[in-house]
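Residue-level structure breakdown
Take a look at the letters that make up each chain.
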Amino acid sequence: MFRRYVTLEELPEMPAIAWEGVLLLAHESMAEITGMLRREVMTRTPIGASGNLRGSIYTEIKGENPRVLRGVVASRTPYARYVEFGRRAGGRMPPWREGTSLYRWVAHKLGPPDGSIERVSFLVARSIARHGIPGRRMFARAFEENQSRIDRRIRELVDEIARRVSG
């Protein structure tokens, strides 16, 4: 599973009574950030044979303290990391038999005649093992290209917290 984290840290000390409001603000900000990143990742994600990878991208917010609040943008598909990072040349062949993601991709994208899908899947898997594949870096690029937007939103959050704490 591939994940990218955004963490709010070093918030000023404040009375315990203010934490509930601060946590709500932090959750709202994190929801904005992770939602924006999810949309950005999805636009960079290849559709593939089924669209399952694009549809599997989700967001999650973890933590009950603004200092350790964590926003997650991730995918649970087993092949998401290969699409993100690619595969090096010389590795093992990916699964290619009927029922695998590669088999479905070959059937959908290459459309070989019936009866030859398994053979073409084998050839594609062997080529991937021999030559590797480049990563699409959809998670990393979305994060890197939106870093200034994320930083700006976090600064706005910290400023709002400071205003509320100082009265």
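Given the structure is predicted, the values throughout are model-derived calculations rather than measurements. (Residues numbered from 1 in each chain as written. Predicted model: local features only at pLDDT ≥ 70, side-chain atom pairs only at ≥ 80, totals over all residues. Heavy atoms only, no water.)

**Thoughts on the side chain of Ser121**
Selection rule: Helix and strand assignments follow DSSP, with helices taken as H or I runs no shorter than four residues and strands as E runs no shorter than two, numbered in order from the N terminus. Here, two residues are considered to be in contact whenever any of their heavy atoms come within 4.5 Å of each other.
If you trace the backbone, Ser121 turns up in helix H5 (residues 117-131). Residues within four places of Ser121 in sequence aside, it is in contact with Trp96, Leu102, Tyr103 and Val106.

**With respect to the packing of aromatic side chains**
Put simply, the test is: Planes of paired rings set the category: under 30 degrees apart is stacked, over 60 is edge-to-face and the rest tilted, where pairs are Phe, Tyr or Trp rings (Trp by its six-membered ring) whose centres lie within 6.5 Å. When a residue's accessible area, from a 1.4 Å probe over protein chains only, is under 20% of the maximum for its type it is buried; when over 50% it is exposed; and in between it is partly exposed. A ring is scored as having a charge over it whenever the NZ atom of a lysine or the CZ atom of an arginine sits within 6 Å of its centre and within 35 degrees of its normal.
For the structure on display, the rule yields one aromatic pair. Each ring, one from Trp96 and one from Phe122, has its centre 5.2 Å from the other, and the planes form 70°; the classification is edge-to-face. Taken together, the positions of Trp96 in the loop between strand E4 (86-87) and helix H4 (101-110) and Phe122 in helix H5 put the pair 26 residues apart, joining distant regions of the chain. Taking the relative accessible area as the measure of exposure, Phe122 reaches 26% and is therefore partly exposed. We note Arg76 situated over the ring of Tyr58; from NZ or CZ to the ring centre the distance is 4.2 Å.

**Side note on the confidence of the model for the protein**
The cut-off we apply is this: Confidence of the predictor at the level of single residues is captured by pLDDT, which takes values from 0 to 100.
Of all residues in the protein, 88% have pLDDT values of 70 or greater, and the mean over the chain is 87. Mean pLDDT across the elements of the protein bottoms out in strand E1 (residues 2-7) (51) and peaks in helix H6 (residues 138-145) (97).

**Details of unusual backbone geometry**
Even without being glycine, Arg137 reaches a positive phi, approximately 55°. By the secondary structure assignment, Arg137 is in the loop between strand E5 (133-134) and H6.

**Describing the pattern of salt bridges**
Rules: Any Lys or Arg side-chain nitrogen found within 4 Å of a carboxyl oxygen on Asp or Glu counts as a salt bridge.
Under the definition given, this model contains seven salt bridges. Glu32 is the partner of Arg153 in a salt bridge, and the nearest nitrogen-oxygen pair spans 2.8 Å. Of this pair, Arg153 sits in helix H7 (residues 147-166) while Glu32 sits in helix H1 (residues 19-44), and the two are 121 residues apart along the sequence. Using a relative accessible area of 43% as the deciding quantity, one classes Glu32 as partly exposed. Between Glu145 and Arg44 there is a salt bridge, with its nearest N and O atoms 2.3 Å apart. With Glu145 in helix H6 and Arg44 in helix H1, the pair connects residues that are 101 residues apart, well separated along the chain. Accessibility expressed as a relative area gives 51% for Glu145, which makes it exposed.

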